[in-house]
Amino acid sequence: MEFAEYVGFTEKEVRALCDQYDSDFSMMKFWYDGYMLEGIGSVYNPNSVMKAIHNHKFHSYWTETSAAKSLMEYISLDFDGLPGTVAELVGGGEVKVDPRGFANDLVTFQNRDDVLTLLIHLGYLAYDEDAERVRIPNEEIRQEFARIIREVKRSDTIRRIRESDQLILDTVHKNAEAVAAQIEKIHEEEAPLHYNSDQSLRSVMKRAYFSSGDEYVLLEEVPSGQNPQHRSCGI
């Protein structure tokens, strides 16, 4: 509320820092933006912004925080649908969440929404209050998710990672039949009630290719002035 501008760096402050230290603002936004506060707009993580400027390198500095140590514990919890939800988030999707049942502690979890709500409080997810949806806010956090889920021991999570890795290989090598079969499989698993929905297909594609973020930046539409430092994988 009235203290929003003091929670982190505002966009105006980040622009000024980038001008002062000759840093690429567009890359700063890609890596560390994503949190929106009413009346203020974009809010950046001050720790990451200052380390990027000091080190002259855009990198995930989140691993140096205490919150990073607990992510695996939370996304490993045995709730139906959680592995698929995490896959969709890592792929760039948004997920509906009801935060009202959260017990406001770090040990009481009743369902998937409780886990997602805690991740909002820890800064791993950005929350749109009007739409009641969450998403991974920026590249720094997406990399943390991608790194951690490969260490999760749940068999369902491991299966999804391997299937996504294989799908990317099949796509690169133009193995059309294998790609079609895997997309069909995920479509039937995740969206049987809305099979012909464009939004449903969008969600399926994000889940299917979620591990592609390790090497590619997924773009639904390629914008003008695309950063040449990244290879893109258009959906």
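Engineer: How should the side chain of N138 be read in this particular structure?
Structural biologist: Looking at the secondary structure, you find N138 in the loop between β6 (133-135) and α7 (139-149). When its relative accessible area of 7% is taken as the criterion, N138 is described as buried. For N138, the side chain forms a polar contact with the main-chain oxygen of Y32, separated by 3.4 Å. What N138 contacts, discounting residues up to four positions off in sequence, is F30, W31, Y32, D33 and Y35.

Engineer: Even after reading the chapter, I still don't get the environment of T10, so can you show me in this structure?
Structural biologist: You can see T10 is positioned in strand β1 (residues 9-10). Between the C-alpha atoms of T10 and D33, which are 23 residues apart in sequence, the distance is 9.5 Å. In this structure, T10 is in contact with E5, I40, S42 and Y44, ignoring residues within four places of it in sequence.

Engineer: How do you make sense of the confidence of the model for the protein chain when you look at a structure like this?
Structural biologist: Caution applies to low-pLDDT parts of the model: their predicted coordinates are not meant to be read in detail. When the pLDDT values of the protein chain are averaged, the result is 81; 80% of them are 70 or greater. Taken element by element, the protein chain is modelled with least confidence in strand β8 (residues 232-234), mean pLDDT 49, and with most confidence in helix α1 (residues 11-21), mean pLDDT 96.

Engineer: For this particular structure, what's the right way to read the sheet that holds strand β5 (residues 126-128)?
Structural biologist: Across the sheet, three strands lie side by side as β4-β6-β5; this open sheet has antiparallel pairing. Among the strands making up the open sheet, the edge pair consists of β4 (95-96) and β5. Pairing of β4 with β6, which is carried by two bridges, proceeds in the antiparallel orientation. Residue V95 lies in a different strand from β6, and its bridge partner there is V134.

Engineer: I keep staring at the pattern of salt bridges and nothing clicks. Help me out?
Structural biologist: Opposite charge on two side chains permits pairing when their charged atoms draw close. Within the structure shown, the criterion is met by eight salt bridges. Note that R100 and D98 form a salt bridge whose closest N and O atoms lie 2.8 Å from each other. The closest approach of N and O atoms between R147 and E144, which form a salt bridge, is 2.8 Å. With R147 and E144 both in helix α7 and three residues apart, this pair spans about one turn of that helix. With a relative accessible area of 3%, E144 lands in the buried category. Linked by salt bridges that have partners in common, E11, K29 and D33 make up one network.

Engineer: In this structure, what is going on with the environment of I136? I would like to understand it.
Structural biologist: Among the structural elements, I136 can be located in the loop between β6 and α7. Of the residues examined, I136 reaches a relative accessible area of 12% and is grouped as buried. Expressed as a C-alpha distance, the spacing of I136 and V90, which sit 46 residues apart in the sequence, is 7.0 Å. Each residue touching I136, except ones within four places of it in the same chain, is listed here: L89, V90, Y124, L125, I141, R142 and F145.

Engineer: Just checking my understanding: could you explain the sheet that holds strand β2 (residues 35-37) for this structure?
Structural biologist: Whenever strands of a sheet pair, they do so through backbone hydrogen bonds, lying parallel or antiparallel. Taken in spatial order, the three strands line up as β1-β3-β2 in an open sheet, and their pairing is antiparallel. Both outer strands of the open sheet, β1 and β2, are each paired with one neighbouring strand and no more.

Engineer: Quick question: what am I supposed to make of helix α6 (residues 112-121) here?
Structural biologist: In an α-helix, one full turn covers 3.6 residues, which means residues spaced three or four apart are oriented alike. Counting buried positions along α6 yields seven of 10 residues, so the element is predominantly enclosed. In this fold, the buried residues of α6 make contact with α4 (71-75), α5 (82-90), β4 and α7. Its side-chain oxygen placed 3.1 Å from the backbone nitrogen of D113, N111 serves as the N-cap of α6. The first or second residue beyond α6 is G123, which carries a positive phi of 90°.

Thresholds applied
Counting restarts for each chain: residues are numbered from 1 in the order of the written sequence. Residue-level local features of this predicted model are given only where pLDDT is at least 70; pairs of side-chain atoms are given and counted only at 80 or more, and the full residue set underlies all totals for whole chains, interfaces and linings. Only hydrogens and water are set aside when side-chain values are computed; all heavy atoms of the structure are taken into account. Each helix is a run of H or I in the DSSP string that is no shorter than four residues. Each strand is a run of E no shorter than two, and both are numbered from the N terminus. Remark: exposure states derive from per-residue accessible area (1.4 Å probe, protein chains only) relative to the maximum for the residue type, with buried under 20%, exposed over 50%, and partly exposed in between. Polar contact criterion, stated in full: a pair of N or O atoms within 3.5 Å, where within protein one must be able to donate a hydrogen and the other to accept it, and residues adjacent in sequence count only if both atoms are side-chain atoms. Throughout, a contact is declared for two residues whenever any of their heavy atoms are within 4.5 Å. Per-residue confidence from the predictor is reported as pLDDT, which spans 0 to 100. A pair of strands counts as paired when DSSP detects no fewer than two bridges linking them. Each salt bridge in this description consists of a side-chain nitrogen of Lys or Arg and a carboxyl oxygen of Asp or Glu lying within 4 Å of one another.

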